[in-house]
Amino acid sequence: MEKKKIEEKNQKNKKKIEKEKISEEKKIEEFFSPSKYVVVGILLLGVVLVALTLARIYGSTQNIDYSKSYLVDKEIVPEITCSDLANAISGERSFIFVTHYDSEEEYELEKDLKGVIGEYRLKDDFFVFKDDQECGSVKNIEEGSIKETLKLSESIDTVPTILYYKDGEFIDYVKREDPKMIEAADFVKLLDIYEITK
């Protein structure tokens, strides 16, 4: 009888060992299952994509030359010089963006203006002019020939600004009530006032 009990015990131990072995094998199979590799691969790919996106965003904000016009650099609208002003304002309608090219704030304004220019289809009527060239400055129209060329009756203290011409005549310019720099929304306001539609 004791022998039988020992044999039964041995069989139970064998079964227990086999169950443990099978359980361990299942754990190993689950650990190395292809679906886990897919999940890990997707996670790694996600991390790499996020890192590349951040690097691209960070890298694109470095090395920007604020002494150049965004609108001109991206070939959205042309830059004009003193000698081009008379031709630029002679059309049915013209917008002269007078700027300095000297700050990130102005560069960001130009990026915002890109959307307005596209929305209102102003590409052929919009020009960039760097203020304070040899023909003078809009801030002091008594010096140089800019007063006659742009047909201004008074100096414009706030630059950047956008001058609006209709049939070659000066109509208005973008201005603000407060001392802040103009925004693209201020230009849209001028367009709305003169019923220039999209």
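Here is a short report on the structure shown in this document. This is a predicted model, so every value here is computed, not measured.

Basis of the calculations
- Residues numbered from 1 in each chain as written.
- Predicted model: local features only at pLDDT ≥ 70, side-chain atom pairs only at ≥ 80, totals over all residues.
- Heavy atoms only, no water.
- Pairing = 2+ DSSP bridges.
- Helix = DSSP H or I, 4+ residues; strand = E, 2+ residues; numbered from the N terminus.
- Salt bridge = Lys/Arg side-chain N within 4 Å of Asp/Glu carboxyl O.
- Buried < 20%, exposed > 50% of the residue type's maximum accessible area, 1.4 Å probe, protein only.
- Disulfide = S-S within 2.5 Å.
- Core = buried A, V, L, I, M, F, W, Y, C linked by side-chain atoms within 4.5 Å.
- Contact = heavy atoms within 4.5 Å.
- Phe/Tyr/Trp six-rings, centres within 6.5 Å; stacked < 30°, edge-to-face > 60°.

1. Considerations on the sheet that holds strand E1 (residues 79–80)
Part 1 of the argument: A sheet is described by the order of its strands in space; here 5 strands give the open sequence E1-E3-E2-E4-E5, paired in mixed fashion. With one partner strand each, in any of the chains shown, E1 and strand E5 (169–173) form the two edges of the open sheet.
Part 2 of the argument: Judged from the 5 bridges that link them, strand E2 (residues 93–99) and strand E3 (residues 126–130) form a sheet pairing that is parallel. Bridged to Val98 within E3 is Phe129.

2. Some words on the pattern of salt bridges
Part 1 of the argument: Applying the stated criterion to the full structure yields 9 salt bridges.
Part 2 of the argument: Glu142 is paired through a salt bridge with Lys147; the nearest N and O atoms lie 3.6 Å apart.
Part 3 of the argument: Assessed through its relative accessible area of 59%, Glu142 is described here as exposed.
Part 4 of the argument: Lys147 sits in the partly exposed class, given a relative accessible area of 27%.
Part 5 of the argument: With a shortest N-O distance of 2.7 Å, Lys175 and Asp172 are connected by a salt bridge.
Part 6 of the argument: Residue Asp172 is classed as buried on the basis of its relative accessible area of 15%.
Part 7 of the argument: One continuous salt-bridge network, built from bridges that share partners, spans Arg176, Asp178, Glu183 and Asp186.

3. Here we look at unusual backbone geometry
Part 1 of the argument: The linkage connecting Val159 with the following residue, Pro160, adopts the cis geometry, with an omega of 15°.
Part 2 of the argument: Within the secondary structure layout, Pro160 lies in the loop between helix H6 (146–150) and strand E4 (161–166).
Part 3 of the argument: Despite not being glycine, Tyr101 shows a phi value in the positive range, around 60°.
Part 4 of the argument: Locating Tyr101 in the fold gives a position in the loop between E2 and helix H5 (104–119).
Part 5 of the argument: For Tyr101, a relative accessible area of 8% corresponds to the buried category.
Part 6 of the argument: One non-glycine residue, Arg121, adopts positive backbone phi at about 50°.

4. Re the state of the cysteines
Part 1 of the argument: All told, the structure shown has 1 disulfide when counted by the stated rule.
Part 2 of the argument: A sulfur-sulfur separation of 2.0 Å characterises the disulfide bridge that pairs Cys82 with Cys135. Judged by the sign of its S-S torsion, about -70°, the cystine formed by Cys82 and Cys135 is left-handed. Highlighted residues: Cys82 in the loop between E1 and helix H4 (85–88) and Cys135 in the loop between E3 and H6, separated in sequence by 53 residues. Exposure class is identical for Cys82 and Cys135. Each is buried.

5. Brief notes about the nonpolar core
Part 1 of the argument: Core analysis: the biggest nonpolar cluster contains 26 residues, and Leu71, Phe95, Leu113, Phe126, Ile162 and Phe187 have the highest contact counts within it.
Part 2 of the argument: Elements represented by at least two residues in this core include exactly helix H3 (70–73), E2, H5, E3, E4 and helix H7 (184–193).
Part 3 of the argument: Ranked by residues supplied to this core, first place goes to H5 with 5 residues.
Part 4 of the argument: Apart from the residues within four sequence positions on either side, Leu71 is in contact with Ile76, Val77, Glu110, Leu113, Lys114, Ile117, Phe126 and Val128.
Part 5 of the argument: Formed by 20 residues, the second largest nonpolar core is a distinct cluster that contains Phe127, Phe129, Val138 and Tyr173.

6. As for the packing of aromatic side chains
Part 1 of the argument: The full count for this structure, using the stated rule, is 8 aromatic pairs.
Part 2 of the argument: Ring centres of Phe95 and Tyr164 lie 5.0 Å apart, and the angle between their planes is 15°; this geometry places the pair in the stacked category. Here Tyr164 lies in strand E4 and Phe95 lies in strand E2, a separation of 69 residues in the sequence. This pair shows no difference in class: Phe95 is buried, exactly as Tyr164 is.
Part 3 of the argument: Summarising the aromatic geometry, the rings of Phe95 and Phe187 are spaced 5.4 Å apart at their centres and angled 80° between planes, so their arrangement reads as edge-to-face. Of this pair, Phe95 sits in strand E2 while Phe187 sits in helix H7, and the two are 92 residues apart along the sequence. The residues Phe95 and Phe187 share a single accessibility class, namely buried.

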